[in-house]
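# Structural overview
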Amino acid sequence: MVKIGEVIESTTTGFIAEAYELYELPVFGSLVKVVELDSEIFGIVCQAGTSSIEPGRRPIARGKDAPSQETVYETNPQLLKLLRSEFNVVNVGYQSGGKIYQYLPPKPPRIHAFVHTCDADEIKTFSQSLDFLGILTIENMTVPAEELVAAVLREMSRVQDDPQAFLVAAGKSLTSMLGGDYQRLRAILGRIRIQK
Amino acid sequence: MTDIESKTMGIVVSGSVEKGVEVRLDTQSSVEDMVVGRYVTIEGKKRRFFGMITDISLGVTDEAIMQTPPDTSDRFTAEVLDGTATFGTLHVLPMLTIGGDAVSIVEGPQPVKTVPSHFSRVKLASEQDMDLVFGQEDEQRFWIGNPLDMETKLCLNLEELAKRSNGIFGKSGTGKTFLTRLLLIGMLQKSKAVNLIFDMHNEYGWEGSSESAGRKVKALKQLFPEKVSVFTLDEENSRRRGVSTDFTVRIGFDEIEPEDIALLKQTLNLTEPATEAVYQLRRRFGRDWMQKSLDLSDSEETKNLLQQMNIHESTFQNLRRGLSTIRRLPFIVPHAPVDAVKSILEYLDRGINVVLEFGRHRDMTAYVLVANMLARRIYSRYQEKTEASMAANLASPMPLIITIEEAHKFLNREVANYTIFGTIAREMRKYNVTLLVIDQRPSAIDEEVMSQLGTKITCLLDNEKDIDSVLAGVSGKNELKTVLARLAPKQQALIFGHAVPMPVPIKTREWGSEASYKEFSSGRDSKKRAEKDIEELFD
């Protein structure tokens with residue numbers, strides 16, 4: 001697991017973290033965790049972006065005469081200090097006393113807590129149950145729920161022994177969670193189907 | 001086989017006592033493995049239910065799936081939907097409760113009075129469950145066939161069967177005759193009743209033909225020579241077929257009564273006044289009425305006579321024509337040399353079964369006349385004997401079962417009141433006589449008579465009215481309709497009524513091979529031999 005960011009806003013349903021390195025953001029839909037004293041809080045990256053440190057000051061286009069994007073950054077080193085990358089995470093579970101629970105944590109993470117990516121084994125363990133998908137389907141977010149769920153399943157399928165079987169099982173869980181809503185289900189299935 | 005049977009295949013999701021329960025199939029169980037007519041057990045919270053699959057259907061959680069189904073090349077979506085948004089449903093009719101409460105354990109399976117609770121598990125019935133419900137082959141139970149797709153022997157309780165009249169129905173060519181022969185063999189083997197069979201097509205006496213085997217199969221006299229005697233109406237025909245008969249039946253004019261003519265109204269095309277006239281002629285001329293009526297010449301005397309009796313000229317001609325038709329039958333003679341009824345009764349009293357062959361006299365006139373006449377007189381003798389034995393507190397005469405084919409000719413609404421068979425059916429076992437009716441048009445049989453039949457065995461029927469009449473008054477009728485309509489055209493039948501604890505579709509027992517003949521004849525003997533062997537062990 002790699003330390004990639006720090007919590008700068010936190011609530012029960014999720015948190016916002018700033019990435020330590022500009023543009024080194026976790027993948028949309030990936031599983032991340034925050035390590036607290038007695039527990040670990042798991043979340044899914046549901047939004048990511050880069051913007052000016054000062055909300056009032058917007059970036060200005062600088063590359064009109066530059067041959068490439070890299071040149072812009074080379075000739076304007078102050079940019080690295082003026083911009084920052086942030087990502088939003090929705091809480092989907094926590095680990096306490098050696099057991100994993102897939103519902104909202106009793107207490108949100110603290111400000112300045114470190115955010116880590118999860119390694120393959122951790123993802124595999126967490127994905128043994130798909131109950132957390134329910135939180136994503138009902139959560140009112142800026143990103144369409146179908147996109148997020150599809151991204152989560154794509155990411156998680158990558159570490160499975162049998163990705164196809166995992167996706168079929170996930171699809172079945174989703175069918176009942178969506179109350180048989182065929183249109184929403186089709187939207188998600190279309191986005192996770194393994195392309196041959 | 002046990003593995004498949006003990007696995008849960010679905011759960012109960014809805015239902016009622018009246019209409020049966022809906023079972024949602026598990027993902028692993030395929031709709032295509034299910035068969036209408038198979039038995040299942042339902043593990044309720046407090047008791048176990050035993051029922052039959054009566055319908056199988058497909059369902060979806062969202063109608064949109066039917067309108068925009070996944071592309072045929074999209075196996076992924078189809079697999080995801082399978083068992084979650086698309087599923088199979090069984091409609092099951094619970095018929096008995098087995099085990100679980102004290103009453104069931106003591107008294108055996110009970111009728112169903114409630115439904116299993118939500119999400120009760122459903123499994124295919126095991127061999128043990130079937131044995132528990134239907135009982136095993138024994139002294140009184142005759143193995144008649146197997147429930148569909150099972151090895152269990154389905155055994156009929158012959159004692160229950162003999163308590164009431166019964167019926168065997170089915171379209172022509174579905175195996176009614178085969179089934180009747182089998183049932184008669186069972187009754188000869190195991191029941192305490194004696195049989196009188198009016199064998200219209202010469203199928204039950206010595207040998208019969210088997211459509212599927214294309215050869216002859218042994219019939220009653222060959223299998224039980226000392227218990228069966230063959231009577232014939234047509235000695236020559238019987239001899240030509242190589243059948244040795246014990247008696248040739250002749251019927252005298254003076255044995256024919258007005259009721260016998262009334263029954264032949266349709267067959268002889270008699271008018272209503274003509275049938276009425278017969279009664280008057282009988283009153284007028286006494287026992288020799290028929291001879292005398294035929295002898296009447298076209299004279300003034302005759303005209304006056306008819307006027308006196310209020311019989312119209314044309315009516316009389318119509319009647320004369322009918323009576324002549326009867327007279328032309330070769331076995332009708334002015335005066336019979338030996339009383340056929342007396343002979344039949346002698347054999348029956350000795351416990352010997354009688355099969356009456358019709359030889360080449362297969363037209364309805366002959367059949368209806370002879371069967372009704374003989375039965376009428378035999379029944380009245382039985383009435384006398386039963387009443388006499390009751391008065392003197394003696395044993396009643398041996399129960400008699402009369403087998404008639406084309407039963408709708410005797411038991412349709414118009415004539416049911418005239419025939420002795422209608423009376424026998426209605427009086428049940430009052431005088432120790434019951435019927436076994438064989439027919440392919442049950443809708444033509446009087447409803448009241450149908451309702452008196454205790455057990456019905458039905459092969460495939462496809463006429464809506466026939467199906468309705470056979471299933472009238474049976475609980476779960478609508479569900480059984482589906483099962484009945486799905487029977488194979490040959491060798492399958494649905495049995496329901498008093499002789500079985502619940503309706504059961506069966507595949508008829510195979511027989512016609514040498515080995516199977518041994519099974520029939522050695523039934524009783526082998527048991528006696530076994531008993532003797534055991535006795536000798538202890539000497």
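Check the entry above for the structure.
So, here's what we can say about the structure. (Residues numbered from 1 in each chain as written. Chains lettered and ligands numbered in written order. Predicted model: local features only at pLDDT ≥ 70, side-chain atom pairs only at ≥ 80, totals over all residues. Heavy atoms only, no water.)

So, about the overall build of chain B. When helices and strands are counted, chain B shows 24 helices and 23 strands. The dimensions of chain B, computed from C-alpha atoms along their principal axes, are 95 × 75 × 50 Å. Looking at the 539 residues of chain B, the share that counts as buried comes to 54%. A total accessible area of about 24,600 Å² is found for chain B, and carbon and sulfur atoms account for 48% of it. With 69 positive and 78 negative side-chain charges, chain B shows a separation of 4 Å between the mean positions of the two kinds. (Helix = DSSP H or I, 4+ residues; strand = E, 2+ residues; numbered from the N terminus. Buried < 20%, exposed > 50% of the residue type's maximum accessible area, 1.4 Å probe, protein only. Areas by Shrake-Rupley, 256 points an atom, 1.4 Å probe, with all protein chains shown as cover. Lys, Arg positive; Asp, Glu negative; His and termini not counted. Charge placed at Lys NZ, Arg CZ, Asp CG, Glu CD.)

Turning to the layout of surface pockets, a few remarks are in order. Residues and elements named next belong to chain B. Approximately 650 Å³ is the volume attributed to the second largest pocket. Lining the second largest pocket are 27 residues, and of these Gly473, Val474, Ser475, Gly497 and Pro503 sit closest to its centre. Put simply, the parts of the chain that give the lining of the second largest pocket at least two residues each are strand S5 (86-98), helix H20 (447-452) and strand S22 (492-497). Among the elements that make up the lining of the second largest pocket, the one with the highest residue count is S5 (4 residues). Here the lining of the second largest pocket is composed, by residue class, of 18 nonpolar, 7 polar and 2 charged. (1 Å grid on protein atoms, 1.4 Å probe; cavity = no way out; pocket = protein on both sides within 12 Å on 5 of 7 lines; lining within 4 Å. Points joined across faces, edges and corners; volume = space filled by probe spheres on them. Nonpolar A, V, L, I, M, F, W, Y, C, P; charged D, E, K, R; others polar.)

All names here are of chain B. The strand order across the open sheet formed by 12 strands is S9-S8-S23-S22-S21-S10-S20-S19-S11-S18-S14-S15, and the pairing between neighbours is mixed. The strands lining the two open edges of the sheet, one partner per strand, are strand S9 (154-157) and strand S15 (247-248). In the sheet, strand S19 (residues 400-404) pairs with strand S20 (residues 433-439) via 5 bridges, with the strands oriented parallel. The residue bridging Thr403 from the neighbouring strand is Leu436, located in S20. (Pairing = 2+ DSSP bridges.)

Taken together, the contact between chain B and chain A spans 17 residues of the former and 15 residues of the latter. Summing both partners gives a buried area of about 1,300 Å² for chain B against chain A, and 64% of it is carried by carbon and sulfur. It is Phe76, Val80 and Thr84 of chain B in chain B that bury the most area against chain A; as a group they hold 43% of the surface buried on that side. Our count for the chain B to chain A interface comes out at 1 salt bridge. In this structure, Asp74 of chain B and Arg193 of chain A form a salt bridge, with 2.6 Å as the shortest nitrogen-oxygen distance. Our enumeration of links across chain B and chain A arrives at 6 residue pairs in polar contact (both at pLDDT 80 or more). Of all the secondary-structure elements, those providing two or more residues to the side of chain B that touches chain A are helix H2 (64-67) and helix H3 (75-81) of chain B. Each residue belonging to the side of chain B that touches chain A can be placed in one class, and the counts come to 8 nonpolar, 5 polar and 4 charged. (Contact = heavy atoms within 4.5 Å. Buried area = accessible area lost by both parts, 1.4 Å probe. Salt bridge = Lys/Arg side-chain N within 4 Å of Asp/Glu carboxyl O. Polar contact = N/O pair within 3.5 Å; in protein donor to acceptor, adjacent residues only side chain to side chain.)

All right, on to the packing of helix H6 (residues 163-177) of chain A against helix H7 (residues 182-192) of chain A then. Residue and element names in this part refer to chain A. In contact at an axis separation of 11 Å, H6 and H7 are set at 165° when each is read in the N-to-C sense. Comparing their axes, H7 and H6 come out roughly antiparallel. Handedness of the H6/H7 crossing: right-handed. Contacts between H6 and H7 pair Leu167, Gly171, Leu174 and Thr175 from the former with Leu185, Ile188, Leu189 and Ile192 from the latter. A breakdown of the residues in the contact of H6 with H7 according to their chemical character gives 6 nonpolar, 2 polar and no charged. (Axes fitted to C-alpha atoms, helices over the stretch in contact; angles between N-to-C directions. Parallel < 35°, antiparallel > 145°, perpendicular 65-115°, else oblique. Left-handed = near helix turned anticlockwise from the far one by under 90°.)

We now examine unusual backbone geometry. Phi at His112 of chain A is positive, roughly 75°, even though this residue is not glycine. Positionally, His112 of chain A belongs in the loop between strand S6 (99-101) and strand S7 (114-117). Even without being a glycine, Gln491 of chain B presents a positive backbone phi close to 70°. Structurally, Gln491 of chain B can be placed in the loop between helix H22 (477-485) and S22. Here Gln491 of chain B falls in the partly exposed class, since its relative accessible area comes to 27%.

This part takes up the side chain of Thr180 of chain B. All names here are of chain B. Structurally, the position occupied by Thr180 is in helix H7 (residues 176-190). For Thr180, a relative accessible area of 0% translates into the label buried. Residues in contact with Thr180, not counting those within four places in the same chain, are Ile168, Tyr204, Thr403, Leu436 and Ile438.

Moving on: the pattern of salt bridges. Residues and elements named next belong to chain B. Inspection of every chain in the model, using the stated rule, returns 37 salt bridges over all chains. Measuring nitrogen to oxygen at the nearest pair gives 2.7 Å for the salt bridge that ties Arg381 to Glu384. Placement of both Arg381 and Glu384 in helix H17 (residues 364-391) is noted, with a separation of 3 residues, approximately one turn of the helix. Judged by relative accessible area, Arg381 falls into the partly exposed class, the value being 35%. Under the relative-accessibility criterion, Glu384 is labelled partly exposed at 42%. Across the pair Arg426 and Glu448 runs a salt bridge, and its minimum N-O distance is 3.9 Å. Of the two residues, Arg426 is situated in helix H19 (residues 420-427) and Glu448 in helix H20; the sequence distance between them amounts to 22 residues. Using a relative accessible area of 28% as the deciding quantity, one classes Arg426 as partly exposed.

The next point concerns the pairing of S22 of chain B. Residues and elements named next belong to chain B. In terms of burial, S22 is a largely internal element, 5 of the 6 residues being buried. Where strand S21 (residues 455-458) and S22 come together, 4 bridges link them in antiparallel fashion. Residue pairing across strands places Lys456 opposite Phe496, the latter belonging to S22.

Once that is clear, we can look at the pairing of strand S3 (residues 39-43) of chain B. Residues and elements named next belong to chain B. Of all the 5 residues making up S3, 4 are buried; the element is thus mostly covered by neighbouring parts of the structure. With 5 bridges joining them, S3 and strand S4 (residues 48-60) adopt antiparallel strand pairing. Of the residues in S4, the one forming a bridge with Glu43 is Arg48. Hairpin remark: S3 followed by S4, antiparallel, with 4 residues in the connecting loop. Pairing analysis gives 4 bridges linking S3 to strand S7 (residues 121-124), with the strands arranged antiparallel. Looking at the pairing, Glu43 lines up with Arg121 of S7.

Time to look at H6 of chain A. For H6 of chain A, built from 15 residues, the straight-helix expectation of 21 Å at 1.5 Å per residue is met to within 8% by its first-to-last C-alpha distance of 21 Å. As for H6 of chain A, its buried residues are in contact with helix H4 (133-138), helix H5 (145-157) and H7 of chain A together with H3 of chain B. Of the residues flanking the end of H6 of chain A, it is Gly179 of chain A, one or two places downstream, whose phi is positive at about 60°. (Expected span 1.5 Å × (residues − 1).)

Moving on, we come to the nonpolar core. In globular proteins that are soluble, nonpolar side chains generally tend to be buried together. Counting 142 residues, the largest nonpolar core has Phe198, Ile326 and Phe421 of chain B as the members making the most contacts within it. Take this core: its biggest share by element is 13 residues, from H17 of chain B. Judged by nonpolar contacts, the second largest core, of 37 residues, contains Phe42, Val149, Leu153 and Tyr182 of chain A. (Core = buried A, V, L, I, M, F, W, Y, C linked by side-chain atoms within 4.5 Å.)

Residue and element names in this part refer to chain B. Summed over all chains, the structure comprises 15 aromatic pairs over all chains. Aromatic side chains Phe410 and Phe421 sit 4.9 Å apart centroid to centroid with 75° between the ring planes, which places their arrangement in the edge-to-face category. Of this pair, Phe410 sits in helix H18 (residues 408-411) while Phe421 sits in helix H19, and the two are 11 residues apart along the sequence. For the residue pair Phe410 and Phe421, the accessibility class agrees, reading buried in each case. Within the aromatic cluster, the residues linked to one another by ring pairs are Phe358, Tyr367, Phe410 and Phe421. We note Lys153 situated over the ring of Trp143; from NZ or CZ to the ring centre the distance is 4.4 Å. Directly above the aromatic system of Tyr347 lies the positively charged group of Arg350, at a separation of 5.0 Å from the ring centroid. (Phe/Tyr/Trp six-rings, centres within 6.5 Å; stacked < 30°, edge-to-face > 60°. Lys NZ or Arg CZ within 6 Å of the ring centre and 35° of its normal.)

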